[in-house]
Structures are given as C-alpha cells and as structure tokens.
Amino acid sequence: MRVSAKSDYALRALIEMAGSTGVGPISAEELGRRQDIPHGFLQAILADLRKSGIVVSQRGQSGGWRLAREAKDVSVADVIRAVDGPLVSVYGLRPEAVSYNETADVLQHVWIAARHSLRDVFEQVSIADLQSRELPDAVTSRTADEDAWQPH
C-alpha cells in the first residue's frame, strides 16, 4: 500500500485540530504552518474532509476548521476513504467488483485479504489515539516485530 500525501496531510491536520479542541476553530493557514502543508493542497483536503462530515468550517474573524465529531469517533480509515477513496482498489474498482478468468481469479482473494488487513489497523486507530500518541495494543503489537521495520 502507498500512503498518499493527501492522506498523510489530512491526518496531520486532524491531529492538530484534535489538539486544539476547546480552543476554538483553527485556520487553514495555521494548520498548514504547523504541519508544513502547502495552503492550496490543504484547502482541497479540507473540502474533501468537509464533504465526508469529518470537519466543519466556521466563517468570520474567529473562524477556521474544527472536527465535526469527537476525535475518538474518526478513524484513520475514515480519513483515507474521505480523501483517497477505497482502502484497496484495482484499476479504480473495489476488489469484489473486478472480474478475472479462472487462471487469475485467485488474485481477487489476495486483494480482499489485503483490504481486510488494512482495515484491522486503520479502523482501530482514531484521531484521538494519534493525538494522544497512544495506539491500541493490537496496532503496537504489530510494530514490536523487528521484521515490521524492514523495508522489504
């Protein structure tokens, strides 16, 4: 799996918003400055997050962006789907929608298994977990294996 800049930037912006809860909305300029995210790119990301109901904007002098729901209720999977679409796709289609001949139909099982594995991690981690830097045990246990850190 390749994590896009869009997903990475979206998650970083949401971590900043979660850390600003109770302070009020945070401007796109401030989010971009804190996380070194290009302003135009961030605006497009925030629009995608707004369409998905993850963030809301507030206009006016004290305006800006804030989470639309509790940080604990927004998963990494929600964010990736909002800005990049399905977690796993084949030629832009969901794995279950791809047709193969009988020689290659086993590939569909590989893609679906990969999606299931990604869900096991991405749906368990919330923006609140990221902001608090306390990941679920099921996630941290996967990083305890030294082989997980190898680039192969």
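Residues numbered from 1 in each chain as written. Predicted model: local features only at pLDDT ≥ 70, side-chain atom pairs only at ≥ 80, totals over all residues. Heavy atoms only, no water.

Undergrad: Quick question: what am I supposed to make of the overall build of the protein chain here?
TA: Looking only at helices and strands, the protein chain has seven helices and two strands in total. Listed by position from the N terminus, the elements making up the protein chain come as α-α-α-β-β-α-α-α-α. Dimensions of the protein chain, computed from C-alpha atoms along their principal axes, come out at roughly 60 × 35 × 25 Å. Accessible surface, the protein chain as shown: approximately 9500 Å² in total, 49% of it carbon and sulfur. With 17 positive and 21 negative side-chain charges, the protein chain shows a separation of 9 Å between the mean positions of the two kinds. (Helix = DSSP H or I, 4+ residues; strand = E, 2+ residues; numbered from the N terminus. Areas by Shrake-Rupley, 256 points an atom, 1.4 Å probe, with all protein chains shown as cover. Lys, Arg positive; Asp, Glu negative; His and termini not counted. Charge placed at Lys NZ, Arg CZ, Asp CG, Glu CD.)

Undergrad: So what exactly am I meant to see when it comes to the side chain of Ser 126 here?
TA: Positionally, Ser 126 belongs in the loop between α5 (106-122) and α6 (127-132). Ser 126 gets classed as buried once you look at its relative accessible area, which sits at 7%. Non-local contacts of Ser 126, meaning those with residues more than four positions away in its chain, are made with Ala 71, Lys 72, Val 74 and Ser 75. (Buried < 20%, exposed > 50% of the residue type's maximum accessible area, 1.4 Å probe, protein only. Contact = heavy atoms within 4.5 Å.)

Undergrad: I would appreciate a short explanation of α5 in the present structure.
TA: One turn of an α-helix holds 3.6 residues; hence residues three or four places apart share an orientation. Here α5 is 17 residues long and its end C-alpha atoms lie 25 Å apart, about the 24 Å a rise of 1.5 Å per residue gives. Among all positions of α5, only Arg 115, Leu 118, Val 121 and Phe 122 are buried. Seen from one end, α5 has its buried residues packed into an arc of 125°, which puts them on one side. The outward face of α5, more than 90 degrees from its buried face, is lined by the exposed residues Val 106 and His 109. In this fold, the buried residues of α5 make contact with α4 (76-84) and α7 (137-143). (Expected span 1.5 Å × (residues − 1). Arc of directions from axis to C-beta.)

Undergrad: Mind showing me how you'd approach the nonpolar core here?
TA: Side chains that are nonpolar tend, in soluble globular proteins, to be buried together. Counting 35 residues, the largest nonpolar core has Leu 14, Met 17, Leu 49 and Val 79 as its most contacted members. Taken together, the elements giving at least two residues each to this core come down to α1 (5-19), α2 (28-35), α3 (39-51), β2 (64-67), α4 and α5. Top contributing element to this core by residue count: α1, with seven residues. When near neighbours in sequence (up to four residues on either side) are disregarded, Met 17 contacts Ile 26, Leu 31, Leu 46, Val 55, Trp 65, Arg 66 and Leu 67. (Core = buried A, V, L, I, M, F, W, Y, C linked by side-chain atoms within 4.5 Å.)

Undergrad: I would appreciate a short explanation of the packing of aromatic side chains in the present structure.
TA: Scanning the entire structure with this criterion turns up one aromatic pair. Considering the side-chain rings of Tyr 9 and Phe 41, the 5.5 Å spacing of their centres and the 80° angle between planes classify their relative orientation as edge-to-face. Taken together, the positions of Tyr 9 in helix α1 and Phe 41 in helix α3 put the pair 32 residues apart, joining distant regions of the chain. Residue class for Phe 41 comes out partly exposed when judged on its relative accessible area of 32%. (Phe/Tyr/Trp six-rings, centres within 6.5 Å; stacked < 30°, edge-to-face > 60°.)

Undergrad: Could you clarify how one ought to interpret the pattern of salt bridges in this entry?
TA: Taken as a whole, this structure holds 10 salt bridges when the rule is applied. Where Glu 16 meets Arg 34, a salt bridge forms, and the shortest distance between an N and an O atom there is 3.2 Å. On the criterion of sequence distance, the pair formed by Glu 16 in helix α1 and Arg 34 in helix α2 is long-range, its members being 18 residues apart. When its relative accessible area of 38% is taken as the criterion, Arg 34 is described as partly exposed. Its salt-bridge partner being Arg 33, residue Glu 30 comes within 2.4 Å of it at the nearest N-O pair. With Glu 30 and Arg 33 both in helix α2 and three residues apart, the pair spans about one turn of that helix. By relative accessible area, Glu 30 is classed as partly exposed at 22%. Through salt bridges with shared partners, one network takes in Glu 16, Glu 30, Arg 33 and Arg 34. (Salt bridge = Lys/Arg side-chain N within 4 Å of Asp/Glu carboxyl O.)

Worth remembering: the numbers are spatial, not functional.
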